[in-house]
Amino acid sequence: MDFVVVGPITDIETFATGKAIRESPRLRKFYGRGRWRKRKGVATVRLSDGVVRLAELHWYEATGVGRKELKIKRYLD
């Protein structure tokens, strides 16, 4: 499902770094080298059908590369 983040991401937390990320080789191949972290946070999102909801998001992030592959893990409202 496609979505757009419409508010700031809050309560950001890192829960995996380095070797703990199973997707590290794929991330390096597609986006380049970096200190990859798997992170989560809470944000307001607009879904493809126009509904606005509060959701927990997970994504990968590296310095110099930015946030990649945001996904909704669960809705909080």
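Residues numbered from 1 in each chain as written. Predicted model: local features only at pLDDT ≥ 70, side-chain atom pairs only at ≥ 80, totals over all residues. Heavy atoms only, no water.

(A) Fine view of the overall build of the chain. Of regular secondary structure, the chain possesses 1 helix and 5 strands. Start at the N end of the chain and walk to the C end: the helices and strands fall as β-β-α-β-β-β. For the chain, the spread of C-alpha atoms along the principal axes amounts to about 35 × 20 × 20 Å. The burial tally for the chain puts 27% of its 77 residues in the buried class. Across the chain, the fraction of contacts at a sequence separation of at least 24, relative to all contacts at a separation of at least 6, is 51%. The average position of the 18 basic charges and that of the 9 acidic charges among the side chains of the chain differ by 9 Å. (Helix = DSSP H or I, 4+ residues; strand = E, 2+ residues; numbered from the N terminus. Buried < 20%, exposed > 50% of the residue type's maximum accessible area, 1.4 Å probe, protein only. Contact = heavy atoms within 4.5 Å. Lys, Arg positive; Asp, Glu negative; His and termini not counted. Charge placed at Lys NZ, Arg CZ, Asp CG, Glu CD.)

(B) How the structure looks around the nonpolar core. Ranked by size, the top nonpolar core spans 7 residues in total: I9, A43, V45, L47, A55, L57 and W59. Counting only elements with at least two residues in this core, the list comes to strand 3 (37–47) and strand 4 (52–62). If sequence neighbours within four positions are ignored, W59 has contacts with I9, I12, R37, K38, R39, K40, G41, R67, K68, E69 and L70. Listed in part, the 6 residues of the second largest apolar core include A16, I21, W36 and A62. (Core = buried A, V, L, I, M, F, W, Y, C linked by side-chain atoms within 4.5 Å.)

(C) Representation of the environment of L70. Structurally, L70 can be placed in strand 5 (residues 66–75). Residues L70 and V5 lie 65 residues apart in sequence; the distance between their C-alpha atoms is 9.5 Å. Not counting chain neighbours up to four residues away, the residues in contact with L70 comprise F3, V5, I9, L57, H58 and W59.

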